[in-house]
Amino acid sequence: MTVSAADYRGALANLAGGVVVVTTSDGNGRPRGMTATAVCSVSIEPPLVMACVHHEAATHRAIHDSGAFALNLLPERSEALARRFASSRPGKFEGLRTTPGETSAPILADAMAHCDCTVERAVDAGDHTIYIGRVVGVAYREGEDCPPLLYFRGGYRSIAP
């Protein structure tokens, strides 16, 4: 049985995912980034995470070249930021406050948490690469009531009532 792309998307639209901006720097030191929901923890010891990146995304080449990326976990109030990085528009970082992580990947000031990573392994998977990153730095907002931004059934959502 062959599954159509439309049926595949329809089924997996029912899987809620946390919204993350994956950031890195290209070979010329310019920041690159994209919105992703296909990210997760892989291992605690050693600390590993993964992010799936489409082969045609500008961020894909930049991660490949730099060997590093950061996962910026977005709070629910960051839908505009998620939409900005989901687009292919130039200047995604204009006007944003960032700091360089240990790997030089840009860390977004508006993220509720981040993981700064070096690429441990890259696995080709269909039209994406699964980048497995060794976490070399983290920060998070402890004790703050900060629900995550979610993506579910084609739209941004919150777990707040």
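Residues numbered from 1 in each chain as written. Predicted model: local features only at pLDDT ≥ 70, side-chain atom pairs only at ≥ 80, totals over all residues. Heavy atoms only, no water.

Participant: Account for the sheet that holds strand β12 (residues 155-158), naming residues and giving values.
Facilitator: The strand order across the open sheet built from three strands is β1-β11-β12, with neighbouring strands paired in antiparallel fashion. Only two strands of the sheet have a single partner each, and these edge strands are β1 (17-18) and β12. Two strands pair when backbone bridges link them, and β1 and strand β11 (residues 149-152) are joined in this way by two bridges, in the antiparallel orientation. Paired with Gly18 across the strands is Leu150, a residue of β11. Along the sheet, helix α3 (residues 79-86) contacts β11 and β12; its crossing angle with β12, the most-contacted strand, is approximately 150 degrees. (Pairing = 2+ DSSP bridges. Helix = DSSP H or I, 4+ residues; strand = E, 2+ residues; numbered from the N terminus. Contact = heavy atoms within 4.5 Å. Axes fitted to C-alpha atoms, helices over the stretch in contact; angles between N-to-C directions.)

Participant: Explain the pairing of β12 to me, using residue names and the numbers behind them.
Facilitator: Pairing analysis gives four bridges linking β11 to β12, with the strands arranged antiparallel. Residue pairing for β12: Phe152 is matched across the bridge by Gly155. Once β11 ends, the chain turns through two residues before running back antiparallel as β12, passing Arg153 with a positive phi of about 50 degrees.

Participant: Which residues make up unusual backbone geometry, and what values do they have?
Facilitator: Note the cis peptide between Glu45 and Pro46, where omega equals 0 degrees. Among the structural elements, Pro46 can be located in the loop between β4 (39-43) and β5 (48-54). Of note in this structure, Arg153 is not a glycine but carries a positive phi near 50 degrees. Assignment of secondary structure puts Arg153 in the loop between β11 and β12.

Participant: Can you break down the sheet that holds β4 residue by residue, with the values?
Facilitator: Here we have seven strands laid out as an open sheet, ordered β3-β2-β6-β9-β10-β5-β4, and antiparallel in their pairing. On the outer flanks of this sheet lie β3 (31-36) and β4, each paired with one strand and no other. Sheet twist, expressed as the mean angle between neighbouring strand axes with direction ignored, is 35 degrees. The sheet contacts of α3 involve β2 (20-25) and β3, and relative to β3 the element is tilted by about 110 degrees.

Participant: Please give an account of the pattern of salt bridges that cites residues and values.
Facilitator: Pairing is possible between side chains that carry opposite charge, provided their charged atoms lie close to one another. For the structure shown, the criterion picks out six salt bridges. Residue Asp26 pairs with Arg30 through a salt bridge whose shortest N-O separation is 3.0 Å. Residue classification places Arg30 among the partly exposed residues on the basis of a relative accessible area of 41%. A salt bridge links Arg32 to Asp26; the nearest nitrogen and oxygen atoms lie 3.0 Å apart. In this structure Arg32 comes out as partly exposed when scored by relative accessible area, which is 28%. Through salt bridges with shared partners, one network takes in Asp26, Arg30 and Arg32. (Salt bridge = Lys/Arg side-chain N within 4 Å of Asp/Glu carboxyl O. Buried < 20%, exposed > 50% of the residue type's maximum accessible area, 1.4 Å probe, protein only.)

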